[in-house]
Amino acid sequence: MATEPSQFTTISYEAGDDGVAVVTLNRPERHNAFDTTMCQELSSLWRGLRDDDSVRCVILTAVGNKAFCTGIDRDDVPADADSYDFDPFTYEDPGQRLGPKANELWKPVIAAVNGIACGGAFYLLGEVEFIIAADHATFFDPHVTYGMPAVFEPTLMASRMPFGEIMRLSLLGNHERMSAQRAHQIGLVSEVVPGADLLDTARWAAAAIASAPPLAVQTTLRTLWATRELSRQQALDLGNTFLNLGMRQDALEAGQVVFASGRRIQPRVR
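Residues numbered from 1 in each chain as written. Predicted model: local features only at pLDDT ≥ 70, side-chain atom pairs only at ≥ 80, totals over all residues. Heavy atoms only, no water.

Caption draft 1: Structural detail: the overall build of the protein chain. A tally of helices and strands in the protein chain yields 10 helices and 10 strands. On C-alpha atoms alone, the protein chain measures out to a radius of gyration of 19 Å, which is about the 18 Å that the 2.2 N^0.38 rule sets for 270 residues. Considering only C-alpha atoms, the protein chain reaches an extent of 65 × 40 × 40 Å along its principal axes. Out of the 270 residues belonging to the protein chain, those deemed buried represent 43%. Looking at the protein chain alone, contacts between residues at least 24 apart form 73% of all its contacts between residues at least 6 apart. Between the averaged position of the 23 positive side-chain charges in the protein chain and that of its 34 negative side-chain charges there is a distance of 7 Å. (Helix = DSSP H or I, 4+ residues; strand = E, 2+ residues; numbered from the N terminus. Rg over C-alpha atoms; globule rule 2.2 N^0.38 Å. Buried < 20%, exposed > 50% of the residue type's maximum accessible area, 1.4 Å probe, protein only. Contact = heavy atoms within 4.5 Å. Lys, Arg positive; Asp, Glu negative; His and termini not counted. Charge placed at Lys NZ, Arg CZ, Asp CG, Glu CD.)

Caption draft 2: Layout of the pattern of salt bridges. Using the criterion set out here, one finds nine salt bridges in the structure. Of the charged contacts in the structure, one is a salt bridge between Arg30 and Asp73, with a shortest N-O distance of 2.9 Å. With Arg30 in the loop between strand E2 (20-25) and helix H1 (36-49) and Asp73 in the loop between strand E4 (67-69) and strand E5 (109-113), this residue pair connects regions lying 43 residues apart in the sequence. A relative accessible area of 5% places Asp73 in the buried class. A salt bridge links Arg168 to Glu176, with the nearest nitrogen and oxygen atoms 2.7 Å apart. Three or more residues joined by partner-sharing salt bridges are found here, namely Arg27, Arg30, Asp35, Asp73 and Asp75. (Salt bridge = Lys/Arg side-chain N within 4 Å of Asp/Glu carboxyl O.)

Caption draft 3: Broad picture of unusual backbone geometry. Non-glycine residue Asn32 carries a positive phi angle of around 60°. With respect to the element layout, Asn32 can be found in the loop between E2 and H1. Relative accessible area serves as the criterion here: at 1%, Asn32 is assigned to the buried category.

Caption draft 4: The sheet that holds strand E10 (residues 191-193), seen in detail. On the basis of which strands lie adjacent, the open sheet formed by six strands has the order E1-E2-E3-E5-E7-E10 and mixed pairing. With one partner strand each, in any of the chains shown, strand E1 (11-15) and E10 form the two edges of the open sheet. Put simply, the sheet's adjacent strands are angled 20° from each other on average, direction ignored. In this structure, E1 lies alongside E2, joined through five bridges in antiparallel fashion. Residue pairing in the sheet places Ala15 in a bridge with Ala21 of E2. (Pairing = 2+ DSSP bridges. Axes fitted to C-alpha atoms, helices over the stretch in contact; angles between N-to-C directions.)

Caption draft 5: Seen up close, the sheet that holds strand E6 (residues 116-118). Read from one edge of the open sheet, four strands run E4-E6-E8-E9, paired in mixed fashion. Looking at strand neighbours, the two that pair on one side only are E4 and strand E9 (178-179), the edges of this open sheet. Examined bridge by bridge, E6 and strand E8 (residues 138-140) share three bridges and lie parallel to one another. Bridge pairing in E8 places Ala117 opposite Phe139.

Caption draft 6: Just the environment of Ala251, in detail. Locating Ala251 in the fold gives a position in helix H10 (residues 249-260). For Ala251 and Arg160, which are 91 residues apart along the polypeptide, the C-alpha to C-alpha distance reads 31 Å.

Caption draft 7: Region of interest: the side chain of Glu191. By secondary structure assignment, the location of Glu191 is in strand E10. Of note is the side chain of Glu191, whose polar atom sits 2.3 Å from the side chain of Arg268. Those residues in contact with Glu191 that lie beyond four places of it in its chain are Ile131, Ile132, Ala133, His184, Thr201, Arg268 and Arg270. (Polar contact = N/O pair within 3.5 Å; in protein donor to acceptor, adjacent residues only side chain to side chain.)

Caption draft 8: Here's a closer look at the packing of helix H7 (residues 214-229) against helix H9 (residues 239-246). At a minimum axis distance of 9 Å, the contact between H7 and H9 shows a crossing angle of 160°. The orientation of H7 with respect to H9, classified from their angle, is roughly antiparallel. Both H7 and H9 take part in a crossing whose hand is right-handed. Contact residues: H7 offers Leu215, Thr219, Arg222, Thr223 and Ala226, while H9 offers Phe242, Leu245 and Gly246. Of the residues contributing to the contact of H7 with H9, the split by class is four nonpolar, three polar and one charged. (Parallel < 35°, antiparallel > 145°, perpendicular 65-115°, else oblique. Left-handed = near helix turned anticlockwise from the far one by under 90°. Nonpolar A, V, L, I, M, F, W, Y, C, P; charged D, E, K, R; others polar.)

Caption draft 9: Structural detail: the environment of Ser44. Checked against the element boundaries, Ser44 lands in helix H1. In this structure Ser44 comes out as buried when scored by relative accessible area, which is 11%. A sequence separation of 184 residues divides Ser44 from Arg228, and the C-alpha atoms of the two residues are 26 Å apart.

Spelled out as structure tokens, the structure:
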């Protein structure tokens, strides 16, 4: 990795023997808002994980139970950043390298949301595979309340929720927060659990994913993300290419060993 985990100051990193790593946003005094340092550290971590074969699934969470992430730390914004006089052709959005996909990490990332997730937090949530939320988690976007257009964040989240819901969330700003329960109803969140059970639930899912041959997992992941971007027919036309890239003899043999062992996985019913 470009930066060793021990050198991180705004995030923490822990990797287990089961192929699961936990990335934790660690600025509780700022409600885990991101600053320039966090952007750099997350980008370095995501890029480093691309080549780390020991990590097969990642959990993204945050310190504390009040906030997952409240977006950009306004105290880190340069004094002239709010000026209307900027060049749209050279402007670099502060959160554009925050998420795993923006850094070309194509390993599964599960978000464990343990409190408020708003505004720039959607740079992260828009690029994870799925979201598990604590029952007290809430979601909102304050941009328009403060006279700022909501552009990149709702764009990343638009495919995760019905159009009317992302529009409502974006236009109501600080006047309404979406509960974890409502987020589950509309499909934004895959599961809602008590806060005390959040990390254990995410670890169970991550360990289950990490137990499968990684090439099959990553090929499936890339296929489904491509499907979001393409028409149905375009995605089907790419099917043979994805199968060819992801069908490897050693992975198939590993799967057959599991099947032939007679060991049957006892599924959890959600």
